[in-house]
Amino acid sequence: MLLAIETSCDETAAAVFTNNGKLLSDIVMSQDHLHARYGGIVPEVASRRHIEVLPAVVKEALHKARADMSAVEAIAVTVEPGLMGALLVGTSFASGMARVTGARLIPVNHLEGHLHAPFVGSEPLYPFVGLVVSGGHTSLYLVRDTGEYTLLGSTRDDAAGEAFDKVGRILGISYPAGPRIDRIAKEGRHDALSFPRPMLNEDSFDFSFSGLKTAVLYAVKNGALSTHSLADIAASFQEAVVDVLVQKTLKASEQTGVDRIVISGGVAANSRLREKIQQEATSRGIEIVIPPLRLCTDNAAMIGYTAILRLRTGRIPSEFSVSPRSTFL
Ligand code: KG4
Ligand code: ZN
């Protein structure tokens, strides 16, 4: 059996797989309620909470899988990228457990996990253009095979989810604002206010969302909340983010000639993003693959699944170690 552990940000998660890749259990404990009063993730609070709950989360995952530690032959753990303290809790726990039990330790990259999330429980479909869009990342990859990734572009400032959360703070919507803005925007008109689409027409796959956040701030300072409904402002902001994500991802598919797109990460839960990319892709004959909601946000099933793919292909990079790294190469 394989045990997977994920603690890179503010979810404490563990999952158990059989050796041939069947998912037996998948436990995620969210810390959202602890960070809500600060309006965003506080790294120190995240690390402390991981320390408190990780043993119980692992125990629960093993219990649900009807397994005990002696049956675990491999332990997959997220080593990068993420919050340093949070990563250290998972990697230290996994290393200690591996030492005691003799299980093999498999370091996994968190973004590689997100890219493979839609395939958990089945076979991966290569090649694809992968957009990882979450609170910490907005990155576009060309994925040719397990271990063969080319970074096409990433955000130069805020991640898309971070922009949702910061705009939420401006609009008085509590953290995490992404799902709430998504819900509120359903009642609004997405062309009510005209917000910028940063870097949309530039010849680059990089993103930038801080200017868009500032544009919302200025609109609010100029009285937008009295001239427009909250739903109209939320819908117009969301539309600007979605337009940039959709257009850049389609352009990546067009330029690489790869007609399959995977979208993963917390913001992949956004209903307008799902709807718009699906519409645009269908008319172009592009296949869209998005994980079910529970696999969009951080979880350990995607980490265990990625480790199993790596084991299967023998592609466990020797330079990978269990030392956590906050940033990706
Ligand atoms: O992947 P994730 O759980 O954690 C990491 O950041 O790694 O993503 C969380 C982010 C938060 O910024 C949250 O506001 C955003 O994803 N999010 C959404 C939606 N659901 C979650 N953003 C827009 N629309 C949603 N429905
Ligand atoms: Zn993530």
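As shown above, the structure is provided for reference.
Read on for a plain summary of the structure.

Cut-offs applied
Residues numbered from 1 in each chain as written. Chains lettered and ligands numbered in written order. Predicted model: local features only at pLDDT ≥ 70, side-chain atom pairs only at ≥ 80, totals over all residues. Heavy atoms only, no water. Near = heavy atom within 4 Å. Polar contact = N/O pair within 3.5 Å; in protein donor to acceptor, adjacent residues only side chain to side chain. Areas by Shrake-Rupley, 256 points an atom, 1.4 Å probe, with all protein chains shown as cover. 1 Å grid on protein atoms, 1.4 Å probe; cavity = no way out; pocket = protein on both sides within 12 Å on 5 of 7 lines; lining within 4 Å. Sits in = over half its atoms within 2 Å of the grid points. Helix = DSSP H or I, 4+ residues; strand = E, 2+ residues; numbered from the N terminus. Nonpolar A, V, L, I, M, F, W, Y, C, P; charged D, E, K, R; others polar. Domains from an automatic or database assignment. Donors = N, O, S within 2.8 Å, 3.2 Å for Na, K, Ca; no water. Tetrahedral: all angles 85-135°; square planar, octahedral: opposite > 155°, others 65-115°. Buried < 20%, exposed > 50% of the residue type's maximum accessible area, 1.4 Å probe, protein only. Points joined across faces, edges and corners; volume = space filled by probe spheres on them. Axes fitted to C-alpha atoms, helices over the stretch in contact; angles between N-to-C directions. Parallel < 35°, antiparallel > 145°, perpendicular 65-115°, else oblique. Left-handed = near helix turned anticlockwise from the far one by under 90°. Contact = heavy atoms within 4.5 Å. Salt bridge = Lys/Arg side-chain N within 4 Å of Asp/Glu carboxyl O.

Quick look at the site of ligand 1
- Taken together, 19 residues surround ligand 1, and among them G135, D165, D182, G266 and N270 come closest.
- Interatomic distance of 3.0 Å between a backbone N/O atom of G266 and an oxygen atom of ligand 1.
- Bound to the protein, ligand 1 loses 91% of the 560 Å² it would expose on its own.
- Taken atom by atom, the bulk of ligand 1 overlaps the largest pocket.
- Looking at the shell around ligand 1, the elements with two or more residues in it are α5 (160-171) and α6 (177-185).
- Looking at side-chain class alone, the shell around ligand 1 contains 5 nonpolar, 10 polar and 4 charged residues.
- Looking at which domains feed residues into the shell around ligand 1, each of domain 1 (2-118 + 297-321) and domain 2 (124-290) gives three or more.

Some words on the coordination of the zinc ion (ligand 2)
- At 2.1 to 2.2 Å from the zinc ion (ligand 2) lie its protein donor atoms, namely H110 (NE2), H114 (NE2) and D298 (OD).
- For the zinc ion (ligand 2), the 4 donor atoms in the first shell make angles of 91 to 149° at the metal, so the coordination geometry reads as irregular.
- Within one chain, the residues donating to the zinc ion (ligand 2) are spaced in sequence as H-x3-H-x183-D. Of this pair, H110 sits in helix α4 (residues 110-116) while D298 sits in the loop between α11 (293-296) and α12 (301-313); the two residues are 188 residues apart in sequence, bridging distant segments of the chain. Both residues of the pair, H110 and D298, belong to the buried class.

Some points on the layout of surface pockets
- Approximately 1,000 Å³ is the volume attributed to the largest pocket.
- Lining the largest pocket are 37 residues, with I41, S134, G135, D165 and Y175 sitting closest to its centre.
- If you list the elements that add at least two residues to the lining of the largest pocket, you get β3 (23-30), α4, α5 and α6.
- Looking at the lining of the largest pocket element by element, the count peaks at 6 residues for α5.
- Its residues assigned to classes, the lining of the largest pocket comprises 12 nonpolar, 16 polar and 9 charged.
- Two domains each put at least three residues into the lining of the largest pocket: domain 1 (2-118 + 297-321) and domain 2 (124-290).

Some details on the packing of α5 against helix α9 (residues 230-256)
- Packing of α5 against α9 leaves a shortest axis separation of 11 Å and a crossing angle of 165°. In terms of orientation, α5 and α9 fall into the roughly antiparallel class. α5 and α9 meet at a crossing whose hand is right-handed. Facing α5, whose interface residues are A160, A163, F164, V167 and L171, α9 presents L230, I233, F237, Q238, V241 and L245.
- A class-by-class count of the residues in the contact of α5 with α9 yields 10 nonpolar, 1 polar and no charged.

Some details on the pattern of salt bridges
- Within the structure shown, the criterion is met by 18 salt bridges.
- D182 is paired through a salt bridge with K186; the nearest N and O atoms lie 3.7 Å apart.
- Given a relative accessible area of 54%, K186 falls into the exposed group.
- Note that E280 and R284 form a salt bridge whose closest N and O atoms lie 2.9 Å from each other. One end of the pair is E280 and the other is R284, both in helix α10 (residues 271-284) and 4 residues apart, which spans about a single turn.
- The exposure class assigned to E280 is partly exposed, which follows from its relative accessible area of 22%.
- The exposure class assigned to R284 is partly exposed, which follows from its relative accessible area of 43%.

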